Amino acid sequence: MSLTLRGCTDRATFESMDDVQRWVLKALLEDSSRVAPRGEPTLERLAVAFTLRHPRRRCITNAARRWSLPLAVGEFCWHVSGSHDATFLSYYAARWADFAGSDSTIQGSCYGYRAFFGHPPRWERLSQLLRFDPNSRRAVLVFQDPDKMFDLDAVDVACASTLQFLIRDGELHAVCNMRSNDAIWGLPYDVFLFTMMQELLACQLGLELGEYHHCAASMHIYQRHIELSRRICAQPADFDFEMPVMGACEQLPAFLEGESRIRIGPEDDTAFTYLDLYWRELLAVLLWFRRAKRDAALGSALPSPGASRYERLLSLVRI
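What counts and what doesn't
Residues numbered from 1 in each chain as written. Predicted model: local features only at pLDDT ≥ 70, side-chain atom pairs only at ≥ 80, totals over all residues. Heavy atoms only, no water. Helix = DSSP H or I, 4+ residues; strand = E, 2+ residues; numbered from the N terminus. Expected span 1.5 Å × (residues − 1). Buried < 20%, exposed > 50% of the residue type's maximum accessible area, 1.4 Å probe, protein only. Salt bridge = Lys/Arg side-chain N within 4 Å of Asp/Glu carboxyl O. Phe/Tyr/Trp six-rings, centres within 6.5 Å; stacked < 30°, edge-to-face > 60°. Lys NZ or Arg CZ within 6 Å of the ring centre and 35° of its normal.

## Focus: helix 7 (residues 187–205)
The first and last C-alpha atoms of helix 7 sit 27 Å apart over 19 residues, in line with the 27 Å expected at 1.5 Å per residue. Among the 19 residues of helix 7, 17 are classified as buried, and the element is accordingly described as predominantly covered.

Here it is as structure tokens:
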């Protein structure tokens, strides 16, 4: 195996998440094992790993997938706010309510709760560690609850095990390890979240954004998603899309306050002009989603996304 200072050269490396998803789905459809954990028929490959060279190309543009940017941004808000409240998350995707415990909280997949909640939160301690020792190999967020792992009655167990950050050559790299990864519902949203967290930390530390590395012990699709997987593989990405560079990361609390106002506050047309354009455009996505949910409930046509950076991505969303 050929090695460089940056790592192995013979790894599966991709430019965008559209490329990653087609590669993963094609591999599962062509050469995989049939297993049925918890009685769910599944196509599976073990120890699937890849590198995303450009983490800002984290959005799925393949029209057959109909990936939801509002859900991805909403999940990011839920995680970085340190919440584990299922009501918050089910506003963006009702199916999350099925994973809630009796106290209406998400007890397994609450990665942000484990990272951003606490006094001080682990995120702050991790940041301090990297400021003190930029070459550290200890900047690891652990998402698993060992007791939940073996609880046969648990409705939700974390799929992600760890997320590690490494500073090398002035860039912040991220390495994610998953015990389990659903290539249709999980993978695109997981990578969006973890690369957003990677970029947030890079912004806070004043570093360039490095590569994102992902390893799943079990990469799989459920039998019910086989035909959808074939349609995704048959259709190339409709367009190239890269998110802008994250800026003004000190405005994250104000951004989260804006998300809360849109989700639970009165209807308004606030432009959030006090925020940097990066955060303002993401709030515009969430405001569009609120109006789309309202119009869909009334049986009306979905609102136009307007002229924005995210217009074409919003045109893919199914409410």
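That shown, we press on.
## A word on the pattern of salt bridges
Taken as a whole, this structure holds 12 salt bridges when the rule is applied. One salt bridge connects Arg22 with Asp19, and the closest N-O pair in it is separated by 3.0 Å. With Arg22 and Asp19 both in helix 1 (residues 17–30) and 3 residues apart, this pair spans about one turn of that helix. A relative accessible area of 22% places Arg22 in the partly exposed class. Measuring nitrogen to oxygen at the nearest pair gives 2.9 Å for the salt bridge that ties Glu199 to Arg58. With Glu199 in helix 7 and Arg58 in the loop between strand 5 (42–52) and helix 2 (69–80), the pair connects residues that are 141 residues apart, well separated along the chain.

## Comments concerning the packing of aromatic side chains
Overall, the coordinates contain 18 aromatic pairs when judged by the stated rule. Ring plane angle 50° and centroid distance 5.6 Å describe the contact between Phe241 and Tyr310, whose orientation is recorded as tilted. One end of the pair, Phe241, is in the loop between helix 8 (226–234) and helix 9 (252–264); the other, Tyr310, is in the loop between helix 10 (277–297) and helix 11 (311–314), and 69 residues separate them in sequence. Ring centres of Tyr278 and Trp279 lie 5.0 Å apart, and the angle between their planes is 80°; this geometry places the pair in the edge-to-face category. Taken individually, Tyr278 and Trp279 each receive the classification buried, so the pair is uniform in this respect. Here a set of aromatic residues connected by ring pairs shows up, and it is made of Trp67, Tyr189 and Phe192. Stacked on the ring of Tyr222, the Lys or Arg Arg224 has its end atom at 4.7 Å from the ring centre.

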